Amino acid sequence: MSTPTERTTGSTEVKHPDGKGIGLWLKLALVLLGIVLLALLPQVLSRYYIILMMPFFAYSIALLGLNLLFGYTGLISFGHALFIGVGAYSAAFLMRDGGLEYMEPLILLSVLGAVIVAVPVGLLAVRYIGIYFGLLTLAFGMLFYSFLLKFYSITSGDQGIRVEKPILLGFIDTTGIDYLTGPFYYYCLGLLVVMALVMWRIVKSPFGLTLRCVRDNSVKAESLGIGVYRYRFYAFLISAIYGGVAGVILAVSVGQVDPTMSYWTSSGNLVFMTLLGGFTSFLGPIVGAGAFILLQDQVMSLWEYWRLVFGAILALIVIFAPSGLMGLLTMGWKKVVR
Amino acid sequence: MGDVVSILMSGLFSAAILFLVAAGLQLVFGVMKIFNLAVGSFYALGAFFGATLVNWAVGEGLPQPLFFFGLLIAGILLGVIGPVIERLLRPIYDRDEAFQLLLTFAIVLMLEDITMMIWGSQPRSTGSLYLIYGTVNLLGATVPVYNLLVIAAAGTIAVGIGLLLSRTAFGRVLRAAADKREMVQSLGVNTRRLYVIVFSLGVVLSTIGGALVIPVTATMSEMGVELIVEAFAVVVIGGLGSMRGALVGALVVGYVTTLSINYYPPIEMLVIYLVVIVVLVIKPRGLFGGETA
């Protein structure tokens, strides 16, 4: 058995998210089209589907962060729901006990909460990779889960806490309009676009390149003078910030926070979404979040055993299509073009 | 005195069950290097199937005192799912650990629902059957004989595994395969068959654990996903892949659980995870990490 700080098994043949696919302009056009479509959805779809899609924005933002860790830095976290939970509960506490009504300070303070948790957790966890990193993050996630569940007087245990609808941009509140499908929907869309742009800058910067170097050959990175732990820690911190933002959005769109948000299977589902969409592609996780939510709704309405279907889908992806839906799309596209 | 003995015995009981499941996890990780998140689901399967088999056998008029063996048989019979699941895992032996972990997570999702499909969400139990062995008085504490049987069975299995690994030819091959699979293969050992045997043995250990716990509780739909986090704590404390680690880790987690349930229940899981984190910080590879099987 090798030491936990070395890669133990052979690496995959999967290409990591830096390969060139279809042309840049076409990509840009597709992304813009996607944003326009998302913006038009509330005009087209029924309220049921809009409400169903609300967690999509939260998961998309969380997965952008998670994939910085998984796809770009090569660390698999089985406890990332911890940061969604911290963000969501911070927002719930701030509103219930702090009387805070405005969205922007809520996001900032909840992100601060996520950072405060992420610093000690990250400092410990980034010393390990592979299975040990996965298990340590799982342990921290479960630690937070059991705190939420058992400290009833603070967290209301498994009943959770009701979350009110905060005032957006200082003047949009719930009077006279459909808050969730109206202003809040566009607020989330805007937030997703901004956070995706920031993440795009991060992964394309020298910093992002360094992370990939650490992922592919940490020994070489070290010998080039890169502080491997330090860079892993930065990636961890950024992913926690994204998780915190996602938690606030999720709390408001669901209107309720409860401990299962941080349970280890929730973390597992986040990794599932990332893989479903394709961790080798920048937008893959966002596609994965959307596909997961829609698929879950469809399968659940047909058959109560949706986890059996999802387990089978996950197994098929892991075995046959490790680069996920985006990988399949790119492959299909290349065949069409040729 | 009675209180102390009673805490000692109930800690030992939960340690015995945890050891069986964790041993299944360790055996598979030690030899195949796969951390199998699905052991919790095997444990749940063992519990449901054990309850069903024993209730059926008693209904058919088989002598009640034999039910302990019925549970063991239930666990062993479930070994048949071992080769099936091992076949599913085979394509990813040479892949990154992240994918191995995810595939076992996929198996968790599937087994959870398969268990629900077969048994529904109604709790199953064997009623008060475990009391037919009576109770004994140990220094003022009343302990069911059944609990002592389970502790003895787990102890016997622990010794058995120890002897198997250290004293038999098969054990030597196993330890060699855990160290260097290619080498063992090139020496003419059929490692493919070896993996099937090891994985099935791991399944049986976990299902026996689940079957033996059922007389003192009842089955619950979430018992599998809940147990995996405890079994996980056991092996991380003890050290991944080490059998001695599984034993020590099970005792630590068993007693931590029992003590906190007795004195301050809310902190039960918190304390377990604090121990896990402290161990990982001080000895990253667990108390017995780095040992082979």
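Attention in this report is confined to the structure presented alongside it. (Residues numbered from 1 in each chain as written. Chains lettered and ligands numbered in written order. Predicted model: local features only at pLDDT ≥ 70, side-chain atom pairs only at ≥ 80, totals over all residues. Heavy atoms only, no water.)

**Remarks on the overall build of chain A**
No. 1: Secondary structure assignment for chain A yields 14 helices and two strands.
No. 2: Projected onto the principal axes, the alpha-carbon positions of chain A cover approximately 55 × 50 × 40 Å.
No. 3: Counting every position in chain A, which comprises 338 residues, the buried fraction comes to 56%.
No. 4: The long-range share in chain A, meaning contacts at least 24 apart out of those at least 6 apart in sequence, stands at 77%.
No. 5: In the structure as shown, chain A presents an accessible area of about 14,500 Å², 68% of it carried by carbon and sulfur atoms.
No. 6: Distance between charge centres in chain A, computed from 21 positive and 15 negative side chains, equals 14 Å. (Helix = DSSP H or I, 4+ residues; strand = E, 2+ residues; numbered from the N terminus. Buried < 20%, exposed > 50% of the residue type's maximum accessible area, 1.4 Å probe, protein only. Contact = heavy atoms within 4.5 Å. Areas by Shrake-Rupley, 256 points an atom, 1.4 Å probe, with all protein chains shown as cover. Lys, Arg positive; Asp, Glu negative; His and termini not counted. Charge placed at Lys NZ, Arg CZ, Asp CG, Glu CD.)

**Description of the nonpolar core**
No. 1: In this structure, A:Phe184, A:Trp264, B:Phe35 and B:Leu212 are the most contacted members of the largest nonpolar core, which totals 226 residues.
No. 2: Top element by residues in this core is helix H1 (residues 2-32) of chain B. It accounts for 18 residues.
No. 3: In this view, B:Phe35 contacts A:Ile131, A:Leu135, B:Leu25, B:Phe29, B:Leu101, B:Thr104, B:Phe232, B:Val235 and B:Leu240; residues no more than four positions away in its chain are not counted. (Core = buried A, V, L, I, M, F, W, Y, C linked by side-chain atoms within 4.5 Å.)

**What to know about the interface of chain A and chain B**
No. 1: In this assembly, 55 residues from chain A lie in contact with 49 residues from chain B.
No. 2: Across the chain A to chain B interface the summed buried area is about 4,900 Å²; carbon plus sulfur atoms make up 75%.
No. 3: If you look at where chain A meets chain B, you find one salt bridge.
No. 4: Ionic pairing is found between B:Asp113 and A:Arg307, a salt bridge with its closest N-O pair at 3.1 Å.
No. 5: Linking chain A to chain B there are six residue pairs in polar contact (both at pLDDT 80 or more).
No. 6: Secondary structure elements with two or more residues in the side of chain A that touches chain B: helix H5 (130-150), helix H11 (264-277) and helix H13 (306-320) of chain A.
No. 7: Tallying contributions element by element places H5(A) first for the side of chain A that touches chain B, with 14 residues.
No. 8: In terms of residue class, the side of chain A that touches chain B is built from 36 nonpolar, 13 polar and six charged. (Buried area = accessible area lost by both parts, 1.4 Å probe. Salt bridge = Lys/Arg side-chain N within 4 Å of Asp/Glu carboxyl O. Polar contact = N/O pair within 3.5 Å; in protein donor to acceptor, adjacent residues only side chain to side chain. Nonpolar A, V, L, I, M, F, W, Y, C, P; charged D, E, K, R; others polar.)

**Let's talk about H13(A)**
No. 1: Compared with the 21 Å implied by 1.5 Å per residue over 15 residues, the 21 Å span of H13(A) between its first and last C-alpha is a close match.
No. 2: When we look at burial in H13(A), the residues that qualify are A:Trp306, A:Leu308, A:Phe310, A:Gly311, A:Leu314, A:Ala315, A:Ile317, A:Val318 and A:Ile319.
No. 3: Looking at the packing, one finds that the buried side of H13(A) touches H11, helix H12 (284-302) and helix H14 (324-337) of chain A together with helix H4 (81-89) and helix H5 (97-119) of chain B. (Expected span 1.5 Å × (residues − 1).)

**What about helix H4 (residues 103-125) of chain A?**
No. 1: The end-to-end C-alpha separation of H4(A) is 31 Å, in line with the 33 Å expected for 23 residues at 1.5 Å each.
No. 2: Helix geometry: H4(A) is bent most strongly at A:Ala118, by close to 35 degrees, with proline A:Pro120 lying one to four residues after it.
No. 3: Looking only at H4(A), the buried set comprises A:Met103, A:Leu106, A:Ile107, A:Ser110, A:Val111, A:Gly113, A:Ala114, A:Ala118, A:Val121, A:Gly122, A:Leu124 and A:Ala125.
No. 4: Looking at the buried positions of H4(A), the neighbouring elements they touch are helix H3 (81-96), H5, helix H7 (180-204) and helix H10 (228-254) of chain A together with helix H12 (268-282) of chain B. (Bend = angle between axes of the 7 residues up to and from the residue.)

**Things to note about the layout of surface pockets**
No. 1: In this structure, the second largest pocket encloses a volume near 920 Å³.
No. 2: What lines the second largest pocket is a set of 34 residues, among which A:Tyr59, A:Thr260, A:Ser266, A:Asn269 and A:Gln296 lie closest to the centre.
No. 3: Counting residues per element, the ones that place at least two in the lining of the second largest pocket are helix H2 (47-72), H3, H10, H11, H12 and H13 of chain A together with H5 and helix H10 (223-238) of chain B.
No. 4: A breakdown of the residues in the lining of the second largest pocket according to their chemical character gives 21 nonpolar, seven polar and six charged. (1 Å grid on protein atoms, 1.4 Å probe; cavity = no way out; pocket = protein on both sides within 12 Å on 5 of 7 lines; lining within 4 Å. Points joined across faces, edges and corners; volume = space filled by probe spheres on them.)

**Considerations on a nonpolar patch on the surface**
All names here are of chain A.
No. 1: Taken together, the side chains of Leu26, Leu30, Leu33, Leu37, Trp333 and Val337 make up a nonpolar region of the molecular surface, amounting to roughly 560 Å² of accessible area.
No. 2: Elements that contribute at least two residues to the nonpolar patch include exactly helix H1 (24-44) and H14.
No. 3: Per-element tally for the nonpolar patch: the top contributor is H1, with four residues.
No. 4: If you trace the backbone, Leu33 turns up in helix H1.
No. 5: In this structure Leu33 comes out as partly exposed when scored by relative accessible area, which is 48%. (Patch = residues over 30% accessible without salt bridge, like charges linked within 9 Å, V, L, I, M, F, W, Y side chains within 5 Å.)

**As for the pattern of salt bridges**
No. 1: Going through the model one piece at a time under the given rule, you end up with five salt bridges over all chains.
No. 2: Taking the shortest distance from any N to any O, the salt bridge between A:Asp97 and A:Arg96 comes out at 3.0 Å.

**Things to note about the pairing of strand S1 (residues 135-138) of chain B**
On a regular strand, each side chain points to the face opposite its neighbour's, so the side chains alternate between the two faces of the sheet.
Residues and elements named next belong to chain B.
No. 1: The pairing of S1 with strand S2 (residues 141-144) spans four bridges and is antiparallel. Residue pairing in the sheet places Thr135 in a bridge with Pro144 of S2.
No. 2: Joining the antiparallel neighbours S1 and S2 is a turn of two residues, in which Leu139 adopts a positive phi near 50 degrees. (Pairing = 2+ DSSP bridges.)

**Quick look at the environment of A:Asp173**
Residues and elements named next belong to chain A.
No. 1: Position of Asp173 among the secondary structure elements: in the loop between strand S1 (161-162) and H7.
No. 2: Overall, Asp173 belongs to the partly exposed group, its relative accessible area being 30%.
No. 3: Considering only alpha carbons, one finds Asp173 and Thr155, 18 residues apart in sequence, at a separation of 26 Å.
No. 4: If near-sequence neighbours (up to four positions away) are discounted, Asp173 is found in contact with Ile167 and Tyr179.

**Quick word on the packing of aromatic side chains**
No. 1: As enumerated under the stated definition, the model contains 34 aromatic pairs over all chains in all.
No. 2: Pairing A:Phe57 with A:Tyr185 gives two aromatic rings, centres 5.1 Å apart and planes at 85 degrees, and the pair type is edge-to-face. One end of the pair, A:Phe57, is in helix H2; the other, A:Tyr185, is in helix H7, with 128 residues separating them in the sequence.
No. 3: Here the aromatic rings of B:Phe42 and B:Phe199 are separated by 6.2 Å at their centres, their planes lie at 90 degrees, and the arrangement is edge-to-face. Placement of B:Phe42 in helix H2 (residues 39-59) and of B:Phe199 in helix H9 (residues 191-213) is noted, with a sequence separation of 157 residues between them.
No. 4: Given a relative accessible area of 1%, B:Phe42 falls into the buried group.
No. 5: Chaining the aromatic ring pairs together yields one cluster made of B:Phe67, B:Phe68, B:Phe69, B:Tyr133 and B:Tyr146.
No. 6: Against the face of B:Phe99 rests B:Arg95, its NZ or CZ located 5.6 Å from the ring centre. (Phe/Tyr/Trp six-rings, centres within 6.5 Å; stacked < 30°, edge-to-face > 60°. Lys NZ or Arg CZ within 6 Å of the ring centre and 35° of its normal.)

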